[in-house]
Amino acid sequence: MRSAATVGGTTFLSRILGFLRDMMVASALGTGPIADAFFVAFRFPNMFRAIFAEGAFNSAFVPLFAKRLEGDGEASARRFAEDATSVLLAGLLVFTILVEIGMPWLMWLFAPGFGDDPQKHEWAVQFTRVNFPYLLFISLTAVQSAILNSLGKFFAGAAAPVMLNITMIAALFFVVPLATNPGLALSWGVMAAGIIQFIWLAVSCHRARMSLRLRWPTLTPEVKRLLLLAIPGLISGGIGQLNLTIGTIMASWQDGAVSWLYYADRIYQFPLGVIGIAIGVVLLPDLSRRLRAGDDQGAHWSQNRAIEFSLLLTVPAAVALAIIPYDIIKVLFERGHFHGADTHATAIALLIYAIGLPAFVLNKVFSPAFYAREDTRTPLQFAAISIAVNIASSILLFQFFGFAGIAMGTSIAAWVNTGQLGLRLWKRGHFLPDAQLLKRLPLTLLASAGMGAVLYVGARFLAPWFELRFIWSVSVLTGLVAGGLLAYAIFCQITGAARYSDIMRPLRRGGA
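Residues numbered from 1 in each chain as written. Predicted model: local features only at pLDDT ≥ 70, side-chain atom pairs only at ≥ 80, totals over all residues. Heavy atoms only, no water.

*Asks:* Could you give an account of the overall build of the protein, with specific residues and numbers?
*Replies:* Counting its regular elements, the protein contains 17 helices and zero strands. A burial count over the protein gives 58% of its 512 residues as buried. Contacts spanning at least 24 positions in sequence make up 83% of the contacts within the protein whose residues lie at least 6 apart. Taken as a whole, the protein presents about 21,500 Å² of accessible surface, with 69% of it coming from carbon and sulfur. (Helix = DSSP H or I, 4+ residues; strand = E, 2+ residues; numbered from the N terminus. Buried < 20%, exposed > 50% of the residue type's maximum accessible area, 1.4 Å probe, protein only. Contact = heavy atoms within 4.5 Å. Areas by Shrake-Rupley, 256 points an atom, 1.4 Å probe, with all protein chains shown as cover.)

*Asks:* Talk me through the pattern of salt bridges; I want residue IDs and the actual numbers.
*Replies:* Inspection of every chain in the model, using the stated rule, returns 12 salt bridges. As a salt-bridge pair, Arg266 and Asp22 come within 2.7 Å of each other at their nearest N and O atoms. With Arg266 in helix H9 (residues 257-292) and Asp22 in helix H1 (residues 2-29), this pair connects stretches of sequence that are 244 residues apart. As a salt-bridge pair, Asp83 and Arg79 come within 3.3 Å of each other at their nearest N and O atoms. On the criterion of helical spacing, the pair formed by Asp83 and Arg79 is a turn pair, its members being four residues apart in helix H3 (residues 74-110). (Salt bridge = Lys/Arg side-chain N within 4 Å of Asp/Glu carboxyl O.)

*Asks:* Please give an account of the environment of Met408 that cites residues and values.
*Replies:* Along the chain, Met408 turns up in helix H14 (residues 403-428). Sequence separation between Met408 and Ile352 is 56 residues; the distance between their C-alpha atoms is 6.1 Å. When sequence neighbours within four positions are dropped, the list of residues in contact with Met408 reads Ile352, Leu397 and Phe401.

*Asks:* Let's hear about the packing of aromatic side chains: which residues, and what values?
*Replies:* Summed over all chains, the structure comprises 16 aromatic pairs. Over the ring of Tyr456 we find Arg460; its NZ or CZ atom is 5.3 Å from the centre of that ring. (Phe/Tyr/Trp six-rings, centres within 6.5 Å; stacked < 30°, edge-to-face > 60°. Lys NZ or Arg CZ within 6 Å of the ring centre and 35° of its normal.)

*Asks:* Help me get a handle on the environment of Ala413, residues and values and all.
*Replies:* One can find Ala413 in helix H14. For the pair formed by Ala413 and Ile391, sequence separation is 22 residues and the distance between their alpha carbons is 8.9 Å. Not counting residues up to four positions away in its chain, the partners in contact with Ala413 are Ser386, Val389 and Asn390.

*Asks:* Run through the nonpolar core, naming residues and quoting values.
*Replies:* If you look at soluble globular proteins, the nonpolar side chains tend to sit buried side by side. Grouped together as the largest cluster of nonpolar side chains are 137 residues, with contacts concentrated most on Phe38, Phe61, Phe65, Ile267 and Phe333. Beyond its immediate sequence surroundings of up to four residues, Phe61 is in contact with Phe80, Ala81, Ala84, Val143, Ala146, Ile147 and Leu226. Counting residues in hydrophobic clusters, the runner-up holds six residues, among them Ala156, Ala160, Cys205 and Ala208. (Core = buried A, V, L, I, M, F, W, Y, C linked by side-chain atoms within 4.5 Å.)

*Asks:* Just give me the short version of the side chain of Asp342, but keep the residues and values in it.
*Replies:* As for its position among the elements, Asp342 is in helix H12 (residues 340-371). Of the side chains with opposite charge, Lys330 lies nearest to the buried Asp342, which makes no salt bridge, at 12 Å. When sequence neighbours within four positions are dropped, the list of residues in contact with Asp342 reads Thr31, Trp260 and His337. (Lys, Arg positive; Asp, Glu negative; His and termini not counted.)

*Asks:* If you had to explain helix H7 (residues 182-207) to someone new, which residues and values would you point to?
*Replies:* Counted at 1.5 Å a residue, the expected span for H7 with its 26 residues is 38 Å, and the 38 Å between its end C-alpha atoms agrees. Where H7 starts, the residue carrying a side-chain oxygen 3.0 Å from the main-chain nitrogen of Gly183 turns out to be Asn181. A positive backbone phi angle near 60° is found at Arg209, which sits one or two residues after H7. (Expected span 1.5 Å × (residues − 1). Polar contact = N/O pair within 3.5 Å; in protein donor to acceptor, adjacent residues only side chain to side chain.)

*Asks:* Kindly report on unusual backbone geometry, identifying the contributing residues and their values.
*Replies:* Residues other than glycine predominantly adopt negative phi, and peptide bonds predominantly adopt the trans conformation. Phi at Arg209 takes a positive value of approximately 60°, unusual for a residue other than glycine. When you line up the elements, Arg209 lands in the loop between H7 and helix H8 (221-251).

*Asks:* Provide a residue-level description of the side chain of Thr167, including the pertinent values.
*Replies:* Mapped onto the secondary structure, Thr167 falls in helix H6 (residues 155-174). Overall, Thr167 belongs to the buried group, its relative accessible area being 13%. Polar side-chain contacts of Thr167 include one of 2.7 Å to the backbone oxygen of Met163. If we ignore the near neighbours within four places in the chain, the residues touching Thr167 are Gly189, Ala192, Ala193 and Ile196.

*Asks:* Account for the packing of helix H13 (residues 377-401) against H14, with residues named and values stated.
*Replies:* Where H13 contacts H14, the two axes come as close as 7 Å, and the packing angle between them is 155°. Judged by the inter-axis angle, H13 sits roughly antiparallel to H14. Relative to H14, the crossing made by H13 is right-handed. Residues belonging to the contact of H13 with H14 are distributed by class as follows: 16 nonpolar, 11 polar and two charged. (Axes fitted to C-alpha atoms, helices over the stretch in contact; angles between N-to-C directions. Parallel < 35°, antiparallel > 145°, perpendicular 65-115°, else oblique. Left-handed = near helix turned anticlockwise from the far one by under 90°. Nonpolar A, V, L, I, M, F, W, Y, C, P; charged D, E, K, R; others polar.)

*Asks:* Now, about helix H5 (residues 134-150): what can you tell me, with residues and values included?
*Replies:* Taking 1.5 Å of rise per residue, the 17 residues of H5 would be expected to cover 24 Å, and the 24 Å separating its terminal C-alpha atoms lies within 8% of that figure. Counting buried positions along H5 gives 16 out of 17 residues, so the element sits mostly inside the fold.

*Asks:* Residue-level account of the packing of helix H11 (residues 325-333) against H12, with values.
*Replies:* Their axes nearest at 8 Å, the elements H11 and H12 cross at an angle of 130°. Considering their axes alone, H11 and H12 lie oblique with respect to each other. Seen from above, H11 lies across H12 with right-handed handedness. Of the residues in H12, those in contact with Pro325, Tyr326, Ile329 and Lys330 of H11 are Thr343, His344, Thr346, Ala347, Leu350 and Leu351.

*Asks:* Could you give me a rundown of the confidence of the model for the protein, with the residues and numbers involved?
*Replies:* Per-residue confidence for the protein gives a mean pLDDT of 82, with 89% of residues at or over 70. Mean pLDDT across the secondary structure elements of the protein bottoms out at helix H17 (residues 500-508), with 50, and peaks at helix H15 (residues 435-462), with 92. (pLDDT = per-residue confidence, 0-100.)

*Asks:* Which residues make up the environment of Pro182, and what values do they have?
*Replies:* Here Pro182 shows up in helix H7. Owing to a relative accessible area of 15%, Pro182 belongs among the buried residues under this scheme. On a C-alpha basis, the gap between Pro182 and Leu172 in space is 8.3 Å, while along the polypeptide they are 10 residues apart. With near-sequence residues (within four places) excluded, Pro182 lies in contact with Leu29, Ile34 and Val176.

In structure tokens:
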């Protein structure tokens, strides 16, 4: 809980700064052609980062590094990390050069709808070429973060996204007003953020006495083992990112859709990052250490508490996003070039994403159970089924509901993937719901429903206040959120979903 709170709390700060950043982006760019081009360009390096670094490489690297650290000591673990990082960097450097050269043709593949607007296509190519080297720096940052996480030091890696948001906010304040093209200025901001994040993690690794030296890339037996484990994860991560890419491809055919889905994605990513990613980041090294020590019972306990804790926070978040999506979008984004029609469209997408939010979080909680056992193939198989479901449902639903059909396909695919992961873990005996989990989950749903009713009534009563100037409308929305949190806490006490004494007891003992 303490480690997850460290990651979640830092991620919370990052998301708050991210909201500020996105509010400024919405005001400066709106949902026009420059905005669509920038969001496609911004997705490019982040998509490949999730595939190469945070996905395949990280899921294979952490268990191997943790085992080497436990069994052979820091010196051996450091040498393994240096060899692995050198190979990753060499591969990404070649990949980046090829992408930079082929960008005009790749853009026809990833955003074919931009072909109807040559200027938008040209902007997308230009913006992506500027910010794509961000992939190199953020991938190295992900490796450094994985090393620190394995050492039980979670703050530095969790704080890295804060640097991205601060850098982009600085660009929006000081550079964009002076630039002839705000999208290009923001793209340079992304590139600068990658360098700053890398330096931040390098200093943190140095303080942890785990600085890495750059070696000549060599396929040692350990690195070959890493790549063997990473290949299924690479494909799995690629499939997962392909879900997003397919959505972007289809959204490019509808004006404004790329931006609507982006802003909705940013909102539901808030609880996903604070809860799901935080739990997953902490759970993977914890399970790896327990399984290494032969503590299967402890591994089951960690898995159950991770699910209980994550859903205790995720279910009410999903209910809130489904109950007041319009009010959230209106207060946060409706100003400048972001208009009422954009608020309505983005709110629809957010409501649909909210339905899939618990599944997105559970994916982050279930996956470490496979990776800690060095099984990257099973998540790959289920991800393949998920992408098939996403493609079929998104294409079908897009014909009837436009951009909303893309969001529907994403949520449906997330639930399909979650169901497969959980069922396979249960069949293998790696996930055994204990009595506490089975008791608490229905109570969590009940408490969340009560909170949802309070939010609905409160939002209808406060609706006129959301029309006021920015500072007042944000204050009213903050008050509504605080009221929802208080109502949820009270309902949790009444139902027994989570009592104050249950939370404080392990913390008084020094953490769970």
